[in-house]
Every structure is written in C-alpha cells, then in structure tokens.
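Residue strings, one per chain:
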Amino acid sequence: MKVFIANFGRENYEWPVCQTRGTIATMNEVSAQAYWESGDREGYILSRMKGKTAAGITPTKPVASRWFNLMSIIAQSSGDIWIHREKDQFWWTTSRADPPMFEPKVEPVGDKRNVIVCHKPCNPWSDKNRNGNRLDWNGLHPKAREFLFTEGTLQQLGDDNAEYALALIEGADLSSWHSLPAWKAKAEKAREKRGVVTIFNAKQRAAARMAMTARDTVAGANGQQVLRTLKNKELKFASPQELERYLIDLLDLQEGLCAITGLTLQYDGEHEDAEMLCSLDRIDSEGHYEAGNLQVVCRFANRWKGSSSDEGFRRLIGAVRSVGSI
C-alpha cells in the first residue's frame, strides 16, 4: 500500500468532481495523451517540451517525464491511500481496482486547454478517521501539516510519514511521533510564530536568495585571470525582480521538488535540513544564467554535481537509486 498526497488539476479545479464521483484524477493535453496511451515516453516528453507553461517557461525533460508518470500512477493505482487538503479540511480515500475512465474536457481555468481527464474510481472520500472523528486540518500537528500537503500535483510519502498518515486515518495513538524531539521542536516553533506578520513567504525568500547568489557568482566570474581562467558567466535577465519571478515560476513548475533527485525541496526560514534547501543550478555548466538553462535542486545535489554534465550526473544518481531499490 502506498500513500499519496494529491491535488487535481490546475488550481485544483477537478476536486469537486472527484469528491462527488468518488475518484482520483489527473489530465493530459489532448495532443500528448496519444503518446501516453501508446506508451511512447520519448514522444510524450518531446511533445510537452515544445510548449510553454502559463508562466511562459518551457518544461525541462525531467518535468515532462514526471507528467508522463503522473497519468500512469493514477491509472494504475489500486488499494492505495490518497490524501487531499481542501482549505481547513483533511480528506482521504482508497483507490479501487476498477478500470480508469478517460474523458475529454475544456479546462475551466488558465488558458482553457483541451485535455483528457483520467478518473480512477476510489472509495467515497471521507473527512473522518475510522473511529468516526472529524479530521480537521488545523487540528493536526504542525509537523504533520508540513508533509501532508503538497503544492504540486502528486507526491508519494516516504515510509515513516506514510506510517503516520495511516495511523492518523485509523485513529490510532500518535504519541510515539509527537514525543520525538524534532516534532516537539516543530510544535514549539509554531507556537512562537503565532501572531507574527509574514511579509515574504518562504518560497519568495528562497527565490530572492538564489537570485542574489547568481548575481554574486556572475560578478566574481567574468573571465578574469586568478591563477586560472574562471568561466565567463552572464546573468541574462533584465532585472533582479525578473529573475526572482522566473525562479518562483520554476519552483511551481517543478512542484517543489528537486529537479535532479525528485526530493522535496525545503524553503528558507522553514527548513529542518540545510542540505535540502533550494539551490540554483545551471543545466549546462558552461552556459549562462538564462531562461531554459536553470533548474532548482537540493543544495547537496548542486554541490555534488559541481561542473559535471547534467546528463552524466543524472546517470550516476540513477545508478545509486537502482542499488538502493535492490
């Protein structure tokens, strides 16, 4: 059994339909759906990379590959727990073995794309645990609220977080988690933050820091001789504000995940592990800081990658993953 956190469509527009019909859902543009149905991953990826997002960003290959996987995960899910947050409510369901349904639709938001929506049957959505007690979002532990919500389309929980989610749904005793030092510290930090006015959110702070780091890097690497010739790097954005907006859109496109490892990124001021903080990486290390050559990765991944080629480093990450899955 897997545990997923999910939203359903741009601005979550398909959630009311999912709630009413008892389904989980995702969607593809009509032109891309044919590639998915034929199992043509490369064709699908290339077709999605030809377009642009609503923010005007061309999807990278890893992002397009993730979109291909989303439809497969939804269509094939059976016996998995799915969790969705809607405002102050916490909803959950279990996917069923019934075949998925594919339906054409014009999206009611954004640029109103023609899409094919995949609806996978599930048990009726519930906002109560198995003991019949209401699952109120604001009543959850601050640490739990952190991992039981995603800004993206879909995220599978790791083993320990999945175990907590299952215990929460069962109405079981959660004290073994709540008594952990990290959980206690999170609860204390949440109490301290009550009543504090936030001017910039964590994502905005992360974008501002990455933009400043890029400017500092460019300023110190303009081809001068310092025992060796440093690579010439240019910042090809009209203003710092334009770069920051681009980075926020990039984080949204990556759905808050590291572009290389797929791990959940952490944001400035809300992080628990500095190695998971957002770090700006040039896909082509020989290229400049410009649209199409940037991705956001975990700090440790950027350090490990160094000046290696993006393709070569991804191959090594894949090799590590394959060993870990044996």
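Rules used throughout
Residues numbered from 1 in each chain as written. Predicted model: local features only at pLDDT ≥ 70, side-chain atom pairs only at ≥ 80, totals over all residues. Heavy atoms only, no water. Helix = DSSP H or I, 4+ residues; strand = E, 2+ residues; numbered from the N terminus. Rg over C-alpha atoms; globule rule 2.2 N^0.38 Å. Areas by Shrake-Rupley, 256 points an atom, 1.4 Å probe, with all protein chains shown as cover. Lys, Arg positive; Asp, Glu negative; His and termini not counted. Charge placed at Lys NZ, Arg CZ, Asp CG, Glu CD. Expected span 1.5 Å × (residues − 1). Pairing = 2+ DSSP bridges. Axes fitted to C-alpha atoms, helices over the stretch in contact; angles between N-to-C directions. 1 Å grid on protein atoms, 1.4 Å probe; cavity = no way out; pocket = protein on both sides within 12 Å on 5 of 7 lines; lining within 4 Å. Points joined across faces, edges and corners; volume = space filled by probe spheres on them. Nonpolar A, V, L, I, M, F, W, Y, C, P; charged D, E, K, R; others polar. Domains from an automatic or database assignment.

## Things to note about the overall build of the protein
Summing up its helical and strand segments, the protein has 12 helices and 11 strands in all. Computed over its C-alpha atoms, the radius of gyration of the protein comes to 21 Å, within 12% of the 20 Å expected for a compact globule of 326 residues. Projecting the C-alpha coordinates of the protein onto the three principal axes gives extents of approximately 70 × 50 × 45 Å. Here the protein has roughly 16,800 Å² of accessible surface; of this, 53% comes from carbon and sulfur atoms. Of the side chains in the protein, 43 bear a positive and 42 a negative charge, and the two mean positions are spaced by 1 Å.

## Focus on helix α6 (residues 159–170)
Helix length check: α6 (12 residues) gives 16 Å between terminal C-alpha atoms against 16 Å at 1.5 Å per residue, within 8%. With its phi angle positive at about 80°, G171 sits one or two positions after the end of α6.

## Description of unusual backbone geometry
Of note in this structure, E11 is not a glycine but carries a positive phi near 60°. Residue placement: E11 occurs in the loop between β1 (3–6) and α1 (15–21). In this model, K87 sits at a positive phi of 60°, which is unusual for a non-glycine residue. Within the fold, K87 resides in the loop between β3 (81–86) and β4 (89–94).

## Notes on the sheet that holds strand β2 (residues 23–29)
Pairing is antiparallel across the open sheet formed by three strands, whose spatial order is β2-β6-β5. Unpaired on one side and paired on the other, β2 and β5 (101–106) mark the two borders of the sheet. Direction aside, the axes of adjacent strands within the sheet are offset by 30° on average. As paired elements, β5 and strand β6 (residues 114–121) share six bridges and run antiparallel to each other. Residue pairing across strands places F102 opposite C118, the latter belonging to β6.

## Let's talk about the layout of surface pockets
For the second largest pocket, the calculated volume is near 1,100 Å³. Of all the secondary-structure elements, those providing two or more residues to the lining of the second largest pocket are β2, α2 (30–37), α3 (41–49), α4 (61–76), β3 and α10 (240–253). Partitioning the lining of the second largest pocket into residue classes produces 12 nonpolar, 14 polar and 16 charged. Here the lining of the second largest pocket spans two domains, and each of domain 1 (3–174) and domain 2 (240–324) adds at least three residues to it.

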